[in-house]
Amino acid sequence: MIIEPRMRGFICLTSHPVGCEKNVLNQIEYTRNQGAIAGPKKVLVIGASTGFGLASRITSAFGANASTVGVFFEKPPSKGKTATPGWYNSAAFQKEALKSGIYAKSINGDAFSDEIKQKTIALIKKDLGKVDLVIYSLASPVRTNPKTGVTHRSVLKPIGQTFSNKTVDFHTGIVSNVTIEPCSETDIENTVEVMGGEDWKMWMESLMEADALSDGAMTLAYSYIGPQVTEAVYRKGTIGKAKDHLEATAFEIADMLKHINGNAFVSVNKALVTQASSAIPVIPLYISLLYKTMKEKEIHEGCIEQINRLFRERLYTTSREIPLDEAGRIRIDDWEMREDVQNKITELWEQADTSTLSDIGDLNGYKSDFLNLFGFGLEGVDYLEDTDENIQIDELV
Ligand code: NAI
Ligand code: NA
């Protein structure tokens, strides 16, 4: 069939298998062009199908030649309906890995459940024995806690006071004011349940118990800090509480991994257009100003550039010393947070309105990145060609 983007609010209902494949091929090519990494050998990526997790899987496999097990939660194609982009990304990844003789297997299911944890660990035990790197890159609005059976939903709200600031509808370019009422106490608890560190710790405990972590194994989860304009709704809001919890959990996991000479870190990454970040108010306006500023300064990066820098300049350097900030975190948001970048954005923020944004912000860059997430608007893809949506994933366990 001919597949076109069908937008509804902040999501796109369709995705293009050939475009998604092209996205993956571009990321593989970028990684290969950077040269080989003396990096991990056997890697588990939880949240491996899109965004930072996919980039982590590609960097491990095609940068370090590592075997990877990827876990994700994606919808397969059904009659006349396309799959979610992460499904097609994973199909493309598996195909390329197999072609290159690199071990790769994938599991599609709820990573928060005991069942998927056990299934994943059984696969690791059977095929790889142990892993030396675990990347935790889930972004989800909902989690059912397997211990209590309670389903929690995360919210994106300020704490204690009403938040009001500019935002943009990136489809129309209209800048308006958004007001968000403060959260309740249960909103905080729920958001921490979903996006905090509890599930990461459960994974690491289960892997440890099963003796599936090699000596010196490392685990990493991703966090975000960001600028002052988004602070009330992001870092000091409900999601920020979850990130505080995630960051605190890194120290607990690190303690546990000491017995095997392992370690656990949080890496603070740059703001990027992903399915998760597009839904957060104010962030799209900030990202469009950020992209413009960083592109002008020639320091703009996407997920794959970020994760390659993380592996090459933080995790697997020749000295093997990992540079950390005062709170013990890895920072690859260093260029985003540079003073000249942030000062420029503060200046642009004042000027941003519907009439100025197309000049002072990179609205087109935002839009094209968003479409790219779903496999649309990629160079070298013929979107008028009849396309088979019914693509399956090789080595799906
Ligand atoms: P994403 O939406 O692109 O990726 C989420 C991944 O989690 C996908 O592979 C999806 O299949 C998987 N997933 C979701 N629910 C699942 C479940 N129940 N079971 C199994 N897999 C599930 O998100 P993105 O942006 O790559 O985020 C990953 C992490 O990076 C998050 O912790 C996020 O907060 C963090 N981060 C994101 C930034 C951004 O600007 N996008 C900036 C800095 C950090
Ligand atoms: Na991810």
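Look up a bit, the structure's there.
All figures in this text were calculated on a predicted structure; none of them were measured in a lab.

(A) Up close: a positive patch on the surface. A grouping of R6, R8, K75 and K81 is seen on the molecular surface, where their side chains present a positively charged patch. Along the chain, R6 turns up in the segment before strand 1 (7–8).

(B) Layout of the pattern of salt bridges. The full count for this structure, using the stated rule, is 26 salt bridges. Between R329 and D325 there is a salt bridge, and its shortest N-O distance comes to 2.9 Å. For R329, the salt bridge is made with E326, and the minimal N-O distance between the two is 4.0 Å. In the salt-bridge network here, residues are joined through shared partners; they are R235, D244, E247, D325, E326, R329, R331 and D333.

(C) Representation of the coordination of the sodium ion (ligand 2) within the structure. Those donors, G47 (O), T50 (O), G53 (N), S137 (O) and S137 (OG), are the protein atoms that reach the sodium ion (ligand 2), and they lie 2.8 to 3.2 Å from it. Here the donor residues for the sodium ion (ligand 2) map to a single chain with the spacing G-x2-T-x2-G-x83-S. Highlighted residues: G53 in helix 2 (residues 51–64) and S137 in the loop between strand 6 (131–136) and strand 7 (142–144), separated in sequence by 84 residues. Comparing G53 with S137, the two get one shared label, buried.

(D) Focus on the site of ligand 1. Inspection of the region around ligand 1 gives 28 residues, with S49, T50, E74, A111 and K243 positioned closest. In this structure, an oxygen atom belonging to ligand 1 sits 2.8 Å away from a side-chain N or O atom of T50. A distance of 3.4 Å is found between an oxygen atom of ligand 1 and a backbone nitrogen or oxygen belonging to Y222. Against a free-state accessible area of 840 Å², the protein chains account for coverage of 92% of ligand 1. At the level of elements, helix 2 and strand 11 (213–223) are the ones that each hand at least two residues to the shell around ligand 1. Here the residues of the shell around ligand 1 sort into 13 nonpolar, 11 polar and 4 charged.

(E) Region of interest: the environment of N145. Residue position: N145 is located in the loop between strand 7 and strand 8 (151–153). The buried category is assigned to N145, whose relative accessible area is 3%. Linking N145 and D114, residues 31 residues apart in sequence, is a C-alpha distance of 9.4 Å. Apart from residues lying up to four places away in sequence, N145 is in contact with V150, H152, E193, E198 and M202.

(F) Structural view of the packing of aromatic side chains. Under the counting rule described, the total for this entry stands at 9 aromatic pairs. Here the aromatic rings of F62 and F93 are separated by 5.8 Å at their centres, their planes lie at 85°, and the arrangement is edge-to-face. With F62 in helix 2 and F93 in helix 3 (residues 85–99), the pair connects residues that are 31 residues apart, well separated along the chain. Ring pairs connect the aromatic residues F170, Y366, F370 and F374, which therefore count as one cluster. Seen from the ring of W335, R309 lies directly overhead, with NZ or CZ sitting 3.6 Å from the centre.

(G) Region of the structure containing the packing of helix 2 against helix 10 (residues 303–315). Interhelical geometry of helix 2 versus helix 10 gives an angle of 55° and a closest axis separation of 9 Å. Between helix 2 and helix 10, the angle is such that the two are oblique. As helix 2 packs across helix 10, the resulting crossing turns out to be right-handed. In this structure, helix 2 contributes G51, F52, A55, S56, I58, T59, S60 and G63 to the contact, and helix 10 contributes C303, I304, Q306, I307, N308, F311 and R312. The residue makeup of the contact of helix 2 with helix 10, split by class, is 7 nonpolar, 7 polar and 1 charged.

(H) Quick look at the pairing of strand 3 (residues 42–46). Taken across its 5 residues, strand 3 has 4 buried, putting it largely inside the fold. With helix 2 bridging strand 3 and its parallel neighbour strand 4 (residues 67–72), the resulting β-α-β unit is right-handed. As judged from the 4 bridges shared by strand 3 and strand 6, these two strands associate in the parallel manner. Paired with L44 across the two strands is V134, which belongs to strand 6.

(I) Broad picture of the environment of A279. Within the secondary structure, A279 sits in the loop between helix 8 (275–278) and helix 9 (283–296). For A279, a relative accessible area of 42% gives the class partly exposed. Residues A279 and G9 lie 270 residues apart in sequence; the distance between their C-alpha atoms is 9.2 Å.

The rules behind each value
- All residue numbers here refer to positions counted from 1 along the written sequence of the relevant chain.
- All chains are assigned letters beginning with A, and all ligands numbers beginning with 1, in the order in which they are written.
- Reporting in this predicted model follows two pLDDT cut-offs: at least 70 for local features of residues, and 80 or more for side-chain atom pairs to be given and counted; totals over whole chains, interfaces and linings ignore these cut-offs and use all residues.
- Only hydrogens and water are set aside; all other atoms, that is, all heavy atoms of the structure, feed into the side-chain values.
- Grouping into patches uses exposed residues only, defined as over 30% relative accessible area, and leaves out salt-bridged ones; the cut-off is 9 Å for like charges and 5 Å for nonpolar side chains (Val, Leu, Ile, Met, Phe, Trp, Tyr).
- For every accessible area listed, the method is Shrake-Rupley and the probe measures 1.4 Å; residues are considered covered only by the protein chains on display.
- Salt bridge criterion: a side-chain nitrogen from Lys or Arg within 4 Å of a carboxyl oxygen from Asp or Glu.
- Note that His is not counted, nor are the chain ends; the positive residues are Lys and Arg, and the negative ones are Asp and Glu.
- Lysine's charge is taken at NZ, arginine's at CZ, aspartate's at CG and glutamate's at CD.
- Under the DSSP-based scheme used, a helix requires at least four consecutive residues in state H or I and a strand at least two consecutive residues in state E, with every element numbered from the N terminus.
- For Na, K and Ca the donor cutoff is 3.2 Å, while for all other metals N, O and S atoms count as donors only within 2.8 Å; water does not appear among the atoms, so some sites may look incomplete.
- Type-normalised accessible area, obtained with a 1.4 Å probe on protein chains alone, sets the label of each residue: buried when under 20%, exposed when over 50%, and partly exposed for intermediate values.
- One heavy atom within 4 Å of a molecule or strand makes the whole residue count as near it.
- Counting of polar contacts relies on pairs of N or O atoms within 3.5 Å, with two restrictions inside protein: one atom must be capable of donating a hydrogen and the other of accepting it, and residues adjacent in sequence are counted only when both atoms are side-chain atoms.
- Under this grouping Gly is polar, as are all residues other than the nonpolar Ala, Val, Leu, Ile, Met, Phe, Trp, Tyr, Cys and Pro and the charged Asp, Glu, Lys and Arg.
- Any two residues having at least one pair of non-hydrogen atoms within 4.5 Å are treated as being in contact.
- Between rings of Phe, Tyr and Trp, where Trp is taken as its six-membered ring, a pair exists when centres lie within 6.5 Å; planes separated by under 30 degrees are stacked, by over 60 edge-to-face, and by other angles tilted.
- In our convention, an over-ring charge means Lys NZ or Arg CZ found within 6 Å of a ring centre and within 35 degrees of that ring's normal.
- For every element, the axis is a line fit to its C-alpha atoms; helices are fit only across the contacting stretch, and the angle between N-to-C directions ranges from 0 to 180 degrees.
- Should an angle fall under 35 degrees it is taken as roughly parallel, and over 145 as roughly antiparallel, whereas 65 to 115 is taken as roughly perpendicular and any remaining angle as oblique.
- Two helices crossing with the near one rotated counterclockwise from the far one by less than a right angle form a left-handed crossing, whereas a clockwise rotation gives a right-handed crossing.
- Seen with the strands pointing away from the viewer, any crossover whose path from the first strand over the helix to the second strand runs clockwise is right-handed.
- Should DSSP find at least two bridges between two strands, the strands are regarded as paired.

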